[in-house]
Structures are given as structure tokens and as C-alpha cells.
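# A structural walkthrough
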Amino acid sequence: MLWRRRSEGFEWHKYVRTTIKLRRRDRRQRVARARQAVVGGLKEAGQIAAEGLKDAGHIAAAGLKDAGRAGVVAGASGLAAARRWSLAGLRATAAVLVWVVDKVSRTAAFMLSSFLIPAGRWMQARLAPLSATIHRLGYAEPLLVLAVALLAIGLAHARAEGLDDKGVAVTGLGLVLL
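Summary of the structure given here. (Residues numbered from 1 in each chain as written. Predicted model: local features only at pLDDT ≥ 70, side-chain atom pairs only at ≥ 80, totals over all residues. Heavy atoms only, no water.)

## Concerning the overall build of the protein chain
Here is the rule we go by: By the criteria applied, helices consist of DSSP H or I runs no shorter than four residues and strands consist of E runs no shorter than two, each listed in order from the N terminus. What the globule rule says is 2.2 Å times the number of residues to the power 0.38, and the radius of gyration is computed from C-alpha atoms. We call a residue buried when its accessible area falls under 20% of the maximum for its residue type, exposed when it is over 50%, and partly exposed in between, using a 1.4 Å probe and counting protein chains only. In this description, accessible areas are obtained by the Shrake-Rupley approach with a 1.4 Å probe, and a residue is regarded as covered only by the protein chains that are shown.
In terms of regular secondary structure, the protein chain is built from 3 helices and 0 strands. Mapped in sequence order, the helices and strands of the protein chain form the string α-α-α. Its C-alpha atoms give the protein chain a radius of gyration of 55 Å, clearly above 16 Å, the size a compact globule of 178 residues would have. Buried residues in the protein chain amount to 6% of all 178 residues. Counting every atom, the protein chain has about 15500 Å² of accessible surface; 68% of that belongs to carbon and sulfur.

Right under this line is the structure:
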């Protein structure tokens, strides 16, 4: 007995292929419509965002200009205040330095005079016979000129080279001769 299969006469492979093709085409159309809707929505959102950004940019620029002007005003007033305070500080510092120098110089002069006056008297007493001999022979004026010259040379050397042994020796000799 020959029997016939159920699938004979029905070309299922064509049907399946066609159905799959139709489903794929429908799916592609749905994706394309969704894509167009999304792209359209994104375009509208982008345009709205661009307009919003333009407005925000204008507002931000105006705010920055105002803040810059306020910063310039605050900076100028801050600089003026700093200048006033620095000048006041410099004046106070100068006044303190003048006071300190005055006190130090007076103290130093007092200490040196308390040492040098007795030393000078002692030297004068010891050198009185030599001084009388120099005056009697007429060498006082040349020795005075030599003493002043040695003092000037010693001080000039000390100013140029610093107070070294040569400057001290020449200045000391000038003081002794004086």
C-alpha cells in the first residue's frame, strides 16, 4: 500500500521562508519607525537643549561679567588697603629703627667715652715729656699733618677693603701720632 505523507503537496520550505521573511521585514520596519521616532525626539531634544544652553551661556556670561567687575572693585579696594597698611608698617618700622639706632649709638658713645677718656689722660700723662720735646724742636705741625694723612688713608682703606689688619694698623698709627 502506498500511502501519502502529510507533507506531500505542501511546500513547507517556501512557506517558512516567506513567513520568516515577512516577520523579519515587519521587525525591520518597526525598528526603522522606532529609530525615526528616537532620532526625531533626539533632534527636538537637541534643539531645545541648544536653545537652553544658549540662554544659559548668555546668563552665565552676564554673571561672569558682573562678578569680574565686582572682583576688580574688591581687588582695587584691597590693594588700596594693603598699600595703606604697608605704608603704615614701613613708617612704624622706620620709627622703631631710628629709636634703636639712637639708643645704640648713645650707649656706644657713652661706653667708648668711659673707656677712651681715661685712656687718653693716661697716654697724655705718659707722653707729656715727648710732646714737650716735639713742640720745642718744631715737629708738631708735620706730625699733625702725618697723623691726619694716616687716619685718612686708614679709613679709606677700611671703607674700600674692609677693616683688615692693614687698615687697623694705619688708623692706629694715625691715632697714636694725633
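## Considering helix 3 (residues 165-177)
Our working rule: In a helix, the anticipated span is given by 1.5 Å times the number of residues less one. The directions from the helix axis to the C-beta atoms are what the arc is built from.
For helix 3, built from 13 residues, the straight-helix expectation of 18 Å at 1.5 Å per residue is met to within 8% by its first-to-last C-alpha distance of 18 Å. Of all the residues in helix 3, the buried ones are Gly167, Thr171 and Gly174. Projection of helix 3 onto a plane perpendicular to its axis shows the buried side chains occupying an angular sector of 55°, all on one side. Relative to its buried face, helix 3 has exposed residues pointing more than 90 degrees away, namely Asp165, Lys166 and Val176.

## Side note on a positive patch on the surface
Convention followed: Patch criteria: residues need more than 30% relative accessible area and no salt bridge. Like-charged residues are merged within 9 Å; nonpolar side chains of Val, Leu, Ile, Met, Phe, Trp and Tyr are merged within 5 Å. Just to be clear on terms, a salt bridge is a Lys or Arg side-chain nitrogen sitting within 4 Å of an Asp or Glu carboxyl oxygen. None of His or the chain ends enter the tally, which takes Lys and Arg as positive and Asp and Glu as negative. Charged side chains are reduced to one point each, which is NZ for Lys, CZ for Arg, CG for Asp and CD for Glu.
Together, Arg23, Arg24, Arg27, Arg28, Arg30 and Arg33 make up a region of like positive charge exposed at the surface. Mapping Arg30 onto the fold places it in helix 1 (residues 12-137). Here Arg30 falls in the partly exposed class, since its relative accessible area comes to 49%.

## Some words on the packing of helix 2 (residues 140-161) against helix 3
Applicable threshold: What counts as an axis is a line fitted to C-alpha atoms, over the stretch in contact for a helix, and the angles between N-to-C directions run from 0 to 180 degrees. Roughly parallel means an angle under 35 degrees; roughly antiparallel means over 145; roughly perpendicular covers 65 to 115; every other angle is labelled oblique. Note on convention: near helix rotated counterclockwise from far helix by under a right angle means a left-handed crossing. Clockwise means right-handed. Contacts were defined at the residue level, with two residues in contact if any of their heavy atoms lie within 4.5 Å. Polar here means any residue outside two lists: the nonpolar Ala, Val, Leu, Ile, Met, Phe, Trp, Tyr, Cys and Pro, and the charged Asp, Glu, Lys and Arg; Gly therefore counts as polar.
Close contact between helix 2 and helix 3 brings their axes to 8 Å; oriented N to C, the two are set at 155°. In terms of orientation, helix 2 and helix 3 fall into the roughly antiparallel class. The handedness of the crossing between helix 2 and helix 3 comes out as left-handed. Facing Leu143, Leu146, Ala147, Leu150, Leu151, Ile153, Gly154, Leu155 and His157 of helix 2, the residues of helix 3 in contact are Lys166, Gly167, Val170, Thr171, Leu173, Gly174, Leu175 and Leu177. In the contact of helix 2 with helix 3, the residues fall into 11 nonpolar, 5 polar and 1 charged.

## A word on the environment of Leu150
Structurally, the position occupied by Leu150 is in helix 2. A relative accessible area of 15% means that Leu150 is categorised as buried. Leu150 sits 105 residues away from Ala45 along the chain, and the two C-alpha atoms are 98 Å apart. Apart from residues no more than four positions distant in its own chain, Leu150 is found in contact with Val170, Leu173, Gly174 and Leu177.

## Some details on a nonpolar patch on the surface
A surface patch of nonpolar side chains, amounting to about 380 Å² of accessible area, comprises Val96, Trp99, Val100 and Val104. On the secondary structure map, Trp99 appears in helix 1. On the basis of relative accessible area, Trp99 is assigned to the exposed category, the value being 53%.

## Some remarks on the pattern of salt bridges
In this structure the tally under the stated criterion is 2 salt bridges. Residues Arg25 and Asp26 are paired through a salt bridge, measuring 3.8 Å at the closest nitrogen-oxygen approach. We classify Arg25 as partly exposed; its relative accessible area is 43%. Ionic pairing is found between Asp102 and Arg106, a salt bridge with its closest N-O pair at 3.2 Å. With Asp102 and Arg106 both in helix 1 and 4 residues apart, the pair spans about one turn of that helix.

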